[in-house]
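Notes for the structure review
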Amino acid sequence: MHELSIALSIIEGVSEEVERLGGEQVTSVRLKLGALSGVVKDSLLFSYQLACEGTPLEGSELIVEETPAIVHCPRCDADRVLTTVQHFRCPQCGAPTPEVLSGREVEVVGMEMIS
Amino acid sequence: MNPQPRLVELRHNVFKKNDLLARELRSRFQEAGVHVISLVSSPGSGKTAFLEKMLTTMRAQFRVAALVGDLATENDAARLARSQAPVRQIITGTVCHLEAEMVQHALEGWDLQDLDFLFIENVGNLVCPASYDLGEELRIVLLSVTEGEDKPLKYPTIFNSADVAVITKSDLALATEFDWLTAESNIQSVRPGIRTFRLSAKTGDGMAAFIDFLQSRRSAAIASA
């Protein structure tokens, strides 16, 4: 369970921005969560609520956008979206796809704030 | 009147702090010429037995050392110290994985130039360690024959993050009716092209081939530096 430390890191990053922009309170935070990030969404949502207490993010909603793993298919020479991370194979031609282009990200992409 | 909420676009990588520190560590390791290898696996897959055997065998030829992470106890460090190699325990408390900062602290006072290989044994956990770069050159994922063939499909993220896979406790394969081909095919399914080794730390079977592999990796890294 490393979701609590990830929640704390999200809150730390957002709080810095809020202070920089002279905001008062955050109402929502948008997060991109890759299929290969190793982070469990439900655990993160639970940890987030707890960790927000006493910060400008208290009561805010964490909006998680789950992003798929994107790989490069060497045979088709094209980028493909994996439908499952249990089979790293091109969904079109079935070739193995060792090269991962994205899907590991845990990234805060936006917030809604009241000044 | 309620103030209107304002939308702000951000780009904040949550692992940025760890990633930056890991990058610093990696260049420090490269400058010092030490080849750093991390081990990840579930608890009980044989990381410590494997490492003890590696340290004991490799010490005759190389300067080796190890950092070993656990939630509690210094048992693993005490066990590894029997190899006579320098070993330090990292106790993580409630944290289920190692982070670059813990590695940095644990290395204080060690002259990295005195080492050829440094092993970092992560906390036994097939989930959390996947997300944290430790600055290692090579990440080994271990799977023991007693765990079953489908572990890679159950924990694809960590297997995908590894550079090499090692199947341990090969001496127990018959007793557990371990299906080698299915296990290896599952590993390939989640990490196509990954090099996989079969070995037993108990009998020593397969250890020499693995040490040869590490040695050639280190020589290649030095040549390309």
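Residues numbered from 1 in each chain as written. Chains lettered and ligands numbered in written order. Predicted model: local features only at pLDDT ≥ 70, side-chain atom pairs only at ≥ 80, totals over all residues. Heavy atoms only, no water.

**Here we look at helix 1 (residues 3-21) of chain A**
Within an α-helix, residues lying three or four positions from one another point in the same direction, as the helix has 3.6 residues per turn. Stated precisely, the cut-off is as follows: In this description a helix means any DSSP run of H or I spanning at least four residues, a strand means any run of E spanning at least two, and both kinds are numbered starting from the N terminus. Given the number of residues in a helix, its expected span is that number minus one, multiplied by 1.5 Å. To sort residues, take the accessible area from a 1.4 Å probe on protein chains only and compare it with the maximum for the residue type: under 20% means buried, over 50% means exposed, and anything in between is partly exposed. Residue contacts are defined here by distance: any two heavy atoms, one from each residue, within 4.5 Å place the two residues in contact.
The terminal C-alpha atoms of helix 1 of chain A lie 27 Å apart, and with 19 residues this matches the ideal 27 Å at 1.5 Å per residue to within 8%. The complete set of buried residues in helix 1 of chain A reads Glu3, Ile6, Ala7, Ser9, Ile10, Ile11, Gly13, Val14 and Val18 of chain A. Buried residues belonging to helix 1 of chain A abut strand 1 (25-34), helix 2 (41-52) and strand 6 (106-114) of chain A together with strand 1 (6-13) of chain B. Positive backbone phi, at 70°, marks Gly22 of chain A, one or two positions downstream of helix 1 of chain A.

**Regarding the nonpolar core**
Note the cut-off: For our purposes a nonpolar core is just a set of buried Ala, Val, Leu, Ile, Met, Phe, Trp, Tyr and Cys residues, chained together by side-chain atoms within 4.5 Å.
In terms of nonpolar packing, the biggest core is built from 29 residues, with Phe119, Phe210 and Leu214 of chain B touching the most fellow members. Secondary-structure elements contributing two or more residues to this core are strand 2 (35-40), helix 2 (47-58), strand 3 (64-70), helix 3 (75-81), strand 5 (117-121), strand 6 (138-144), strand 7 (164-168) and helix 8 (207-224) of chain B. Ranked by size, the runner-up nonpolar core spans 27 residues in total, among them Ile6, Val26 and Cys52 of chain A together with Tyr132 of chain B.

**What to know about the interface of chain B and chain A**
Heads up, the condition is: Summed over both partners, the accessible area lost on bringing two parts together, with a 1.4 Å probe, is the buried area. Salt bridge, as applied in this entry: a Lys or Arg side-chain nitrogen positioned within 4 Å of an Asp or Glu carboxyl oxygen. In the analysis that follows, any N or O atom pair within 3.5 Å is treated as a polar contact, provided that within protein one partner can donate a hydrogen and the other can accept it, and provided that, for residues neighboring in sequence, both atoms belong to side chains. Residues are grouped as follows: nonpolar covers Ala, Val, Leu, Ile, Met, Phe, Trp, Tyr, Cys and Pro; charged covers Asp, Glu, Lys and Arg; every other residue, Gly included, is treated as polar. Should DSSP find at least two bridges between two strands, the strands are taken to pair.
Counting residues at the interface gives 26 residues for chain B and 36 residues for chain A. Buried surface at the junction of chain B and chain A, summed over both partners, amounts to about 2700 Å²; 57% is from carbon and sulfur atoms. Counting every contact that joins chain B to chain A gives one salt bridge. Residue Glu107 of chain A is joined to Arg11 of chain B by a salt bridge in which the shortest nitrogen-to-oxygen separation is 3.3 Å. Our enumeration of links across chain B and chain A arrives at 14 residue pairs in polar contact (both at pLDDT 80 or more). In terms of residues, the side of chain B that touches chain A owes the most to one element, strand 1 of chain B, which gives eight residues. Residue composition of the side of chain B that touches chain A, grouped by class: 15 nonpolar, eight polar and three charged. Both strand 6 of chain A and strand 1 of chain B contribute to a ladder of six bridges, which runs antiparallel.

**Re the sheet that holds strand 2 (residues 61-67) of chain A**
Convention followed: Each axis is a line fitted through C-alpha atoms, taken for helices only over the stretch in contact, and angles between the N-to-C directions span 0 to 180 degrees.
The strand order across the open sheet formed by four strands is 2(A)-1(A)-6(A)-1(B), and the pairing between neighbours is mixed. Sheet topology places strand 2 of chain A together with strand 1 of chain B at the edges, where each strand pairs with a single neighbour. Neighbour-to-neighbour, the strand axes of this sheet turn through a mean angle of 20°, independent of strand direction. Strand direction decides the pairing type here: strand 1 of chain A and strand 6 of chain A, joined by eight bridges, are antiparallel. Looking across to strand 6 of chain A, one finds that Lys32 of chain A is bridged to Glu107 of chain A. Here helix 2 of chain A sits on the sheet and contacts strand 1 and strand 2 of chain A; the angle it forms with strand 2 of chain A, its principal contact strand, is near 160°.

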